[in-house]
Amino acid sequence: MTLTKLAADRVGLPVFEFSPRPDADIFDFSSHMRAKEALEFALRAPTPGYNVFVVGGERSGRMTATLAFLREAMHGRAVPDDWVYLNNFTHSHRPRPARLPAGGGRTLRDQMAVFVRRVARLTMQVFDDESFRNAIEALAVKVRADLDGRLAALRKEAKGSGFELLQTAEGFALALVDAEGKQVLPTNASVEQQAAAQKITQALGELTRDAARQQTALAGDIAAFSRRIAGNAFAPLLAELKSAYADHPTISRWLVELENDLMQHLDRLREAAAAGLEGIAMLDLRYGVNLFVDRGDARAPEVVLEPNPDFDSLFGKIEFRQIEGVLSTDFSLIRAGALHRANGGVLVLRAEAFAADPALWQALKAVLRDGEINIEEHRPSPPVPVAGSPKPKPIPFDGKVVLVGSPGWYYSFFATDAQFQGNFKIKADIDPDMPADAANVACYAGVAAQMAVARNAAFTPDGLVAIVGLAARLAGERDKLSARFEEIADLVGEACDCLGCDKPVIDRKAVIDAFERRRRRNARVEDRLQAEIARGVLMIDVDGRAIGQVNGLAVQDYGDHAFGLPARVTARASVGRTGLINIERDVALGGPIQQKGVMVLQGFLAGHFARRMPLSFDASITFEQSYGGIEGDSASLAELLAVLSDLGQVPLRQDLAVTGSVNQRGEVQAVGGVLHKVEGFYRVCAERGPLTGNQGVLVPATNERNLVLRDEIAKAVADSRFHIWSAAKVEDAIELLTGLKAGIPDADGAYPKGTLYGQVQASLEAFDRRLIERGWAATRAI
């Protein structure tokens, strides 16, 4: 026999021996080692496409641990370059990016701010200087002297012909005058006077044209002179900048273009210089530097977490200013996104954000595919279109992108994308648990101790033992530890908070109290269902014996709380040819796995009892008081016991509950949620009254490692007030629940009398005889 009664030390919280490792890090655990190696390789790989998807379960510390690892990995690496945007003087809608060594962007920005103010000051000095005004006046006087002389000659000629040269708003005009100098009608002019007037008018036209030409030439001479003077004044300032950036082609070329723009727009420069601070601000907008990405204070490449990415926060944006209801923008209002800040470093993103926004995901793939970041307006409907909105030239992207998400997102959304594998060639997979070996246990205790220190608290040795034991409970296996570190961190925090002092000391009691308080907070549904059992509304017997009736066990999981409850399983057998009738299947409440479990029982019965004769029986099976869907085969052992009990008319113990799957050969197989099932039945027994000392639960032998029970149940087991058995074969369960041997067949396949199988076989033979005697169809319905 393989029936085993389990001792308390095999079902309670495991007790590990360890020496806490003070320098422990989450990525030191074997559960994270595979992910650590993947991240290390990705950070070393210079080839495009070696971005990372970190796959980890909920509350596994996948984000916090990844961020901490990446930041540590960036230490000692060269700081990436700064990025600036510069005004494009030729095409203002296409600002130019330029890279500079870390801190260089800030230096250039400050240099250009000083340059603008010095240029404004020099402009005022140069163009307000008396010598400059005198030189300009001299050029104008020379032109005026020539024109005035020619005009005087024409006046004299006109007067000699009897005309007076008048200057009007429309220009010069000839007026005929008499001897006394009074104007007379042009009709009184003689033929000679008319000829003279025509000649003078032509000369006036030529003079006007010459005046316009000379004025244009004068303006050009003044502009050239002004540029020469300004150029001489600005030359030392520009030479200083050009020398500083002689080895930087982009900045050097831009400074030449800036010089040309200054010389071509001296009038605007003079107006701005005369406008004071407002004018300086205008010059800053044209000649200043947009410090786009500043790494002047950085000591390592940045690890950027963008928790809620959208187009603006990820790819950058262009802001607008509103003045008197009018929107405007320029290169100085281009703002960096997370991709720009992470350039040369690492960008960390939550996978679910991209699964929720396919357009954002497509845009990110475009960046990784093209290796450059474009800043575009992605607003679906801007309130007011802005003419001339800049379209900045893209910036090359040379960084790593790390997506962090659950296995569900990885396999359901990302892995099905044809381009995903090309862009994210590295999967950093975090195991949900880890072996409870010496190294992992020491690290676990060290990490838990660090959690306490972060809260100005400290663990006692037995407190650490308890916290590591609860980690095994979270993993659901005695020889493993859960990788859901965030739940452990929450438990440590709650233990500290409940102690309520400045420097709490966390012992075992504090840990268990915090665990039990959390369990009570989340157990409202469980309490209601347990109350229904206590009132007898949900019918469960915890003592006595009954034929065809057994206590099965089920688990309900509400996300924040999982718990077990007993469920009465019954079977009724009769003469017939149908075999097993699964009531849950017939009413569409049984899932496919549950239906499979019942069909497996048919194979078991056929293998044991149909070698000498056909199976001639009907037996209905159901979960009593079940009004919802049922899935899983963990009750198939209980169903089989109920069927055998009713066929053999042998009562089953009601002070025991049973869980386990069974195969066609009668081997009891592992099932899930065993610890919750045991605790659920224990609670029913404890709340019905004092434990009788006979009550307990039967579990599969392969589930022994999953029993990590609360202290209350472990103590009851230690005191022999509650029992837990494990079984590897159906025959073990039969002996425990019926008190009879199952029975071993002889060479003819006959089972001994006084055994359960013998009584079942006798009933089946009697059913078959009745069918033959009454001439019922010998063909099975199914």
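See above for the structure.
Since we're looking at a predicted model, the values are computed, not measured. (Residues numbered from 1 in each chain as written. Predicted model: local features only at pLDDT ≥ 70, side-chain atom pairs only at ≥ 80, totals over all residues. Heavy atoms only, no water.)

## Quick look at the packing of helix α15 (residues 438-454) against helix α16 (residues 461-475)
Rules: For helices, the fitted line uses only the C-alpha atoms of the stretch in contact; every axis is such a line through C-alpha atoms, and the angle between N-to-C directions lies from 0 to 180 degrees. Starting at the N terminus, helices and strands are each numbered in turn, a helix being any DSSP run of H or I of at least four residues and a strand any DSSP run of E of at least two. Angular relationships are summarised with four words: roughly parallel below 35 degrees, roughly antiparallel beyond 145, roughly perpendicular across 65 to 115, and oblique for the angles in between. When the near helix sits turned anticlockwise from the far one by under a right angle, the crossing is termed left-handed; a clockwise turn instead gives a right-handed crossing. By definition in these notes, contact holds between two residues if any of their heavy atoms fall within 4.5 Å. Side-chain classes are defined by residue name, with Ala, Val, Leu, Ile, Met, Phe, Trp, Tyr, Cys and Pro counting as nonpolar, Asp, Glu, Lys and Arg as charged, and the others, Gly among them, as polar.
Packing of α15 against α16 brings their axes to within 10 Å, and their N-to-C directions diverge by 115°. Classified by the angle between their axes, α15 and α16 sit roughly perpendicular to one another. In this structure, the crossing between α15 and α16 has a hand that is right-handed. Taken together, the residues of α16 that come into contact with α15 (itself represented by V441, Y444, A445, A448 and A449) are L464, I467, V468 and A471. Split into classes, the residues belonging to the contact of α15 with α16 amount to 9 nonpolar, no polar and no charged.

## Some details on the pattern of salt bridges
So the rule is basically this: Here, a salt bridge means any Lys or Arg side-chain nitrogen found within 4 Å of an Asp or Glu carboxyl oxygen.
Within the structure shown, the criterion is met by 49 salt bridges. The salt bridge partner of R59 is E486, with a shortest N-O separation of 3.3 Å. Taken together, the residues R59 in the loop between β2 (52-55) and α2 (62-74) and E486 in helix α17 (residues 485-499) connect sequence positions 427 residues apart. We note a salt bridge from R335 to E319, for which the minimum N-O separation is 3.3 Å. With R335 in strand β12 (residues 334-335) and E319 in the loop between β9 (317-318) and β10 (321-323), this pair connects stretches of sequence that are 16 residues apart.

## A closer look at the packing of aromatic side chains
Our working definition: Note on aromatic contacts: the rings of Phe and Tyr and the six-membered ring of Trp form a pair at centre separations within 6.5 Å, being stacked when their planes are under 30 degrees apart, edge-to-face when over 60 apart, and tilted otherwise. Think of it in three bands: residues with accessible area under 20% of the maximum for their type are buried, residues over 50% are exposed, and the middle band is partly exposed, with areas taken using a 1.4 Å probe on protein chains only.
Within the structure shown, the criterion is met by 26 aromatic pairs. Geometrically, the ring pair formed by F53 and Y410 is edge-to-face, given 4.9 Å between the ring centres and 75° between the ring planes. Taken together, the positions of F53 in strand β2 and Y410 in helix α13 (residues 407-414) put the pair 357 residues apart, joining distant regions of the chain. There is no split in this pair, since F53 and Y410 are both buried. With a centroid separation of 5.3 Å and an interplanar angle of 35°, the aromatic rings of Y444 and F485 are classed as tilted. With Y444 in helix α15 and F485 in helix α17, this residue pair connects regions lying 41 residues apart in the sequence. There is no split in this pair, since Y444 and F485 are both buried.

## Things to note about the side chain of S661
So the rule is basically this: Distance and chemistry together define a polar contact, namely a pair of N or O atoms within 3.5 Å, with one atom able to donate a hydrogen and the other to accept it when in protein, and with adjacent residues in sequence counting only for side-chain atoms on both sides.
Examined against the element boundaries, S661 turns out to sit in strand β29 (residues 661-662). Among the polar contacts listed, one links the side chain of S661 to the side chain of D633, at a separation of 3.0 Å. Discounting residues that sit within four places of it in the chain, S661 has contacts with D633, S634, S636, E667, V668, Q669, A670 and V671.

## Concerning the environment of R521
Tracing the chain through its elements places R521 in helix α18 (residues 508-521). Placed 132 residues apart in sequence, R521 and S389 show a C-alpha to C-alpha distance of 56 Å.

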